[in-house]
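Structural description and commentary
Chain by chain, the residues run as shown.
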Amino acid sequence: QVQLVESGGGLVQAGGSLRLSCAASRGTLSTTAMGWFRQAPGQERDFVAAIWDGGRTTYADSVKGRFTISRDNARNTVDLQMNSLKPEDTAVYYCAAGRRGGFYYTPKVSGDYDYWGQGTQVTVSS
């Protein structure tokens with residue numbers, strides 16, 4: 001069973017940056033889709049970013065140009081660099097791992113992922 005642990009959340013002011021990290025229990029990130037989702041209070045869990053198929057990436061429209069997802073297979077981690085943060089980015093951020101996703105399929109829904117971390121809180125103040 002894959003275990004995922006997020007870290008790096010915290011409180012930042014609007015316009016600031018934060019880097020989240022997701023550590024996986026096994027070194028199979030190169031063959032596993034990794035995604036970031038977020039859930040604000042009272043809201044649905046929304047897709048944020050994903051990396052899969054050897055390094056392909058995709059982002060939700062709301063974070064394009066501001067967030068960058070990356071993976072480090074040697075350290076078995078996936079990171080999410082968040083820049084120009086907005087109050088709307090406030091949410092619990094979850095790391096997820098799954099096996100779906102390929103050249104013609106983008107893993108960007110919750111059902112594409114099988115394992116989830118506990119989440120890390122990101123709060124962006126005005």
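Placed above this text is the structure.
Below is a short write-up of the structure. If you're wondering where the values come from, they're calculated on a predicted model, not measured in any experiment. (Residues numbered from 1 in each chain as written. Predicted model: local features only at pLDDT ≥ 70, side-chain atom pairs only at ≥ 80, totals over all residues. Heavy atoms only, no water.)

Let us look at the environment of Pro87. Here Pro87 shows up in the loop between β8 (77-82) and β9 (91-98). On the accessibility criterion, Pro87 (32% relative accessible area) is partly exposed. Filtering out sequence-adjacent residues up to four positions away, Pro87 remains in contact with Ala14, Val124, Ser125 and Ser126. (Helix = DSSP H or I, 4+ residues; strand = E, 2+ residues; numbered from the N terminus. Buried < 20%, exposed > 50% of the residue type's maximum accessible area, 1.4 Å probe, protein only. Contact = heavy atoms within 4.5 Å.)

Turning to the nonpolar core, a few remarks are in order. Ranked by size, the top nonpolar core spans 34 residues in total, and within it Trp36, Phe67, Leu80, Met82 and Tyr93 carry the most contacts. Listed by contribution, the elements that provide at least two residues to this core are β3 (18-24), β4 (33-39), β5 (45-52), β7 (67-72), β8, β9 and β11 (120-125). Tallying contributions element by element places β5 first for this core, with six residues. (Core = buried A, V, L, I, M, F, W, Y, C linked by side-chain atoms within 4.5 Å.)

Strand order across the open sheet formed by four strands is β1-β3-β8-β7, with antiparallel pairing between neighbours. The sheet is open, and its two edges are formed by β1 (4-7) and β7, each paired on a single side. Geometrically, the sheet is characterised by an average inter-axis angle of 15 degrees between neighbouring strands, direction not taken into account. Summarising the sheet, β7 and β8 pair through six bridges and their orientation is antiparallel. (Pairing = 2+ DSSP bridges. Axes fitted to C-alpha atoms, helices over the stretch in contact; angles between N-to-C directions.)

This paragraph deals with the packing of aromatic side chains. Inspection of every chain in the model, using the stated rule, returns five aromatic pairs. Between the aromatic rings of Phe37 and Tyr113, the centroid separation amounts to 5.4 Å while the plane-to-plane angle is 80 degrees, which identifies the pairing as edge-to-face. Note that Phe37 is positioned in strand β4 and Tyr113 in the loop between β9 and β10 (115-116), a separation of 76 residues in sequence. Taking 6.2 Å as the distance between ring centres and 70 degrees as the angle between the ring planes, the aromatic pair formed by Tyr113 and Trp116 counts as edge-to-face. Feature note: the residues Phe37, Phe47, Tyr113 and Trp116 constitute an aromatic cluster, connected by ring pairs. Its guanidinium or amino end placed over the ring of Trp116, Arg45 lies 5.0 Å from that ring's centre, counting from NZ or CZ. (Phe/Tyr/Trp six-rings, centres within 6.5 Å; stacked < 30°, edge-to-face > 60°. Lys NZ or Arg CZ within 6 Å of the ring centre and 35° of its normal.)

Turning our eyes to something else, we now look at the pairing of β1. Of the two faces of β1, only one is covered, namely that formed by Leu4 and Glu6; the face formed by Val5 and Ser7 stays uncovered. Note: β1 against β3, four bridges, orientation antiparallel. Pairing of Ser7 across the sheet is with Ser21, part of β3.

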